[in-house]
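Given next are the chains, with one letter for each unit.
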Amino acid sequence: MDKMNTASTEHMSYAYLDKLRKSNPAWRLLTSPNAPFIAAFLFREFIAEDRRQIAQYELVSRLDSFIYDVDSGREETLFPRTAREYLDDWASDKHGWLRKFYPTGQDEPHFDITSQVQKAIDWLLSLKQQMFIGTESRLLTVSELLRQIVAGATSDPKQRLAELRRQKDEIEQEMKLVAEGKLTLLDDTQIRERFWQAMSTAREILSDFRAVEHNFRELDRELRERIATWEKGKGELLESIFNEQDGIAQSEQGKSFSAFWKFLMSSDLQEDFSVSLERILELRPIQEMGVSRDSRNIHHNWVEAGSHVQETVATLSQQLRHYVDENYIAEERRINQILREIEGKALNIRNDPPENWHFEIDSIKPEILLPLDRPLYSPRTKIELRDDMIDTGIEDFAADSLYSQVYVDKEKLQNQISYMLRIHDEVSIAQITAEYPPELGLSELVVYFTIADEKYSNAYQTNDFEEVFWSDNGETLRLAKIPKIIFTREGER
């Protein structure tokens, strides 16, 4: 406890708070003159909708509409800049309220709020007057947590056995009362209080995911910087990086996230969670609270948020793989050396870029211009437009090829796979097509192969085959014998 008090005292010192006020994006947002405008828009687009990334063209359009709604009815314009300028300014290092990035396989930039902005908006939400203060449910939660700590940390078998007997006596006593028809039910206030606390904790988990993802991105950024400036042997760098990754995996945050992700990937636990949530939402006191529909999908939002964290972790492995796969032959070594010198100099001036700068690239080959190689001048031919009347053509031609084009929605097939994996730990193409019969025949099977190759590792079972059936226009039954492909949750990249 003394260490906790010491850490809190250092955190709340004048020097630290003064430095935090100047460098922390959350504090800068709260002290910004446009804080109501920025926080309201970012909350509506990202937090209220539980969205992790929005394409630039979509976010610009939404911000334009938001600015128009705010300025409508006013004599003067409060926000004269364009939506694109505002977004670029919020994503700059000066503010750090938005993260601008390019998702894998896309050339359109996307935006997401940073974890610091999430904290600032959560604090603003906490200022709202709550319907009631749930003291009883929080007291029970604290008491239960302390009891779990005592039971889990006790190494004496006698004490552990005594605690288990006490719990057994309580359960048997409750079973006896239930058998006699004496049920102890929660009143409406207790039901609302516990549900309110459960949903608040569930949404705090979504907020924590952004902080976890930010920590892993910082690790990825540090890794790239170290690779760019490393001058010693490759083995020494890899050893230090692997030690740090093992440390992260074994840290309290890493272990907690690993256990939480294991829960999300368990179909039994998800099913139990969904059933319990549905039964709770049907209770009259909960329905009177006017709970939003998003509460039914809170665990699905956890999965989506967790997948973003997993993608960030995957970039670390990808960066290491690229570094290991570098071929240090003479020419490539010189190229890599030049690139790292450029990266190192860029990192040195990252926080203090020069105001006026330019660079030149020498020609990579000589340019030889001979006078006789130039073509003689030729005047342009003047195009004459005829004023004849254009009649409707009567020529017949075969237009079958215009109607034979087939388009397979790849995202739709991926959603079908993801939905099946929520129910089962692993599914094959035959199981998926049995649930979702192919509408476009063989073309859909080919797209399934593409998805397996791009997004799932070790999906192909080369020594096994399976048969897939479908019908053309409900008449002709088709059969395809294909290599067995198994989609699994753990194998998803």
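Structure shown above.
One structure accompanies this document, and this report is about it. Being a predicted model, the structure only gives us computed values, none of them experimental.

### What about the overall build of the protein?
Okay, so step 1: Of regular secondary structure, the protein possesses 19 helices and six strands.
Okay, so step 2: Counting the 493 residues in the protein, one finds 29% classified as buried.
Okay, so step 3: Relative to all contacts within the protein whose residues are 6 or more apart in sequence, the contacts with residues 24 or more apart total 66%.
Okay, so step 4: If you sum the accessible surface of the protein, you get close to 36300 Å²; carbon and sulfur atoms cover 53% of it.

### Remarks on a nonpolar patch on the surface
Okay, so step 1: Among the surface-exposed residues, Leu30, Trp123, Leu124 and Leu127 lie close enough to one another that they form a single nonpolar patch of about 380 Å² accessible area.
Okay, so step 2: Among the residues examined, leucine 124 registers a relative accessible area of 36% and is labelled partly exposed.

### Notes on the sheet that holds strand β4 (residues 426–428)
Okay, so step 1: Spatial strand order, β4-β6-β5: three strands in an open sheet with antiparallel pairing. Each end of this open sheet is capped by a strand with a single partner; those strands are β4 and β5 (460–472). Going across the sheet, the axis of each strand differs from the next one's by a mean of 30°, ignoring polarity.
Okay, so step 2: Of the strand pairs in this sheet, β5 and strand β6 (residues 476–488) are connected by 10 bridges, and their pairing is antiparallel.

### Points about the environment of proline 437
Okay, so step 1: Structurally, the position occupied by proline 437 is in the loop between α18 (429–435) and α19 (442–455).
Okay, so step 2: Spatially, the C-alpha atom of proline 437 lies 9.6 Å from that of valine 468, the residues being 31 residues apart in sequence.

### Here's the deal with helix α13 (residues 267–281)
Think of an α-helix as turning once every 3.6 residues; residues three or four places apart then point the same way.
Okay, so step 1: Between its first and last C-alpha atoms α13 spans 21 Å; for 15 residues at 1.5 Å apiece the expected length is 21 Å, and the two agree.
Okay, so step 2: All buried positions along α13 are accounted for by Ser267, Gln270, Leu277 and Leu281. Taken around the axis of α13, the buried residues stretch over an arc of 95°, which confines them to a single face. The exposed set on the far side of α13, more than 90 degrees from its buried face, consists of Asp268, Glu271, Asp272 and Arg279.

### Thoughts on the pairing of β6
Okay, so step 1: Bridge analysis of β4 against β6 gives three bridges, and the strand direction is antiparallel. Its bridge partner being in β6, serine 428 is matched across the sheet by isoleucine 486.

### Considering the nonpolar core
Okay, so step 1: Counting 26 residues, the largest nonpolar core has Phe37, Leu42, Phe46, Leu63, Leu87, Trp90 and Leu98 as the members making the most contacts within it.
Okay, so step 2: When residues of this core are traced back to their parent elements, those giving at least two are α3 (25–30), α4 (35–47), α5 (56–71), α6 (83–90), β3 (110–113) and α7 (115–126).
Okay, so step 3: At six residues, the largest contribution of residues to this core is made by α4.
Okay, so step 4: Membership of the second largest hydrophobic core comes to 21 residues, among which are Val408, Leu413, Ile451 and Phe487.

Cut-offs and rules
- Residue positions are given per chain, counted from 1 along the sequence in the order it is written.
- Per-residue local features are limited, in this predicted model, to residues with pLDDT of at least 70; the limit for side-chain atom pairs, both in listing and counting, is 80 or more; totals at the level of whole chains, interfaces and linings are taken over all residues.
- With hydrogens and water stripped out, all remaining heavy atoms of the structure feed into the side-chain values.
- Secondary structure elements follow DSSP: runs of H or I no shorter than four residues count as helices, runs of E no shorter than two count as strands, and numbering proceeds from the N terminus.
- Burial here depends on accessible area, computed with a 1.4 Å probe over protein chains only, as a share of the maximum for the residue type. Under 20% is buried, over 50% is exposed, and the range in between is partly exposed.
- Working rule for contacts: check all heavy atoms of both residues, and any pair within 4.5 Å makes them a contact.
- Working definition of accessibility: Shrake-Rupley area with a 1.4 Å probe, residue cover restricted to the visible protein chains.
- Note on patches: the residues involved have over 30% relative accessible area and no salt bridge, like charges join within 9 Å, and the nonpolar side chains Val, Leu, Ile, Met, Phe, Trp and Tyr join within 5 Å.
- Salt-bridge detection follows one rule: a side-chain nitrogen of Lys or Arg within 4 Å of a carboxyl oxygen of Asp or Glu.
- For two strands to pair, DSSP has to find at least two bridges joining them.
- In this analysis, axes come from line fits to C-alpha atoms, helices being fitted only over the stretch in contact, and the angle between any two N-to-C directions falls in the range 0 to 180 degrees.
- Helices are assigned an expected span. That span is 1.5 Å times one less than the residue count.
- Picture the helix axis, draw a direction to every C-beta atom, and the arc is the one those directions span.
- Nonpolar cores are built from buried Ala, Val, Leu, Ile, Met, Phe, Trp, Tyr and Cys residues. Side-chain atoms within 4.5 Å join them into one set.

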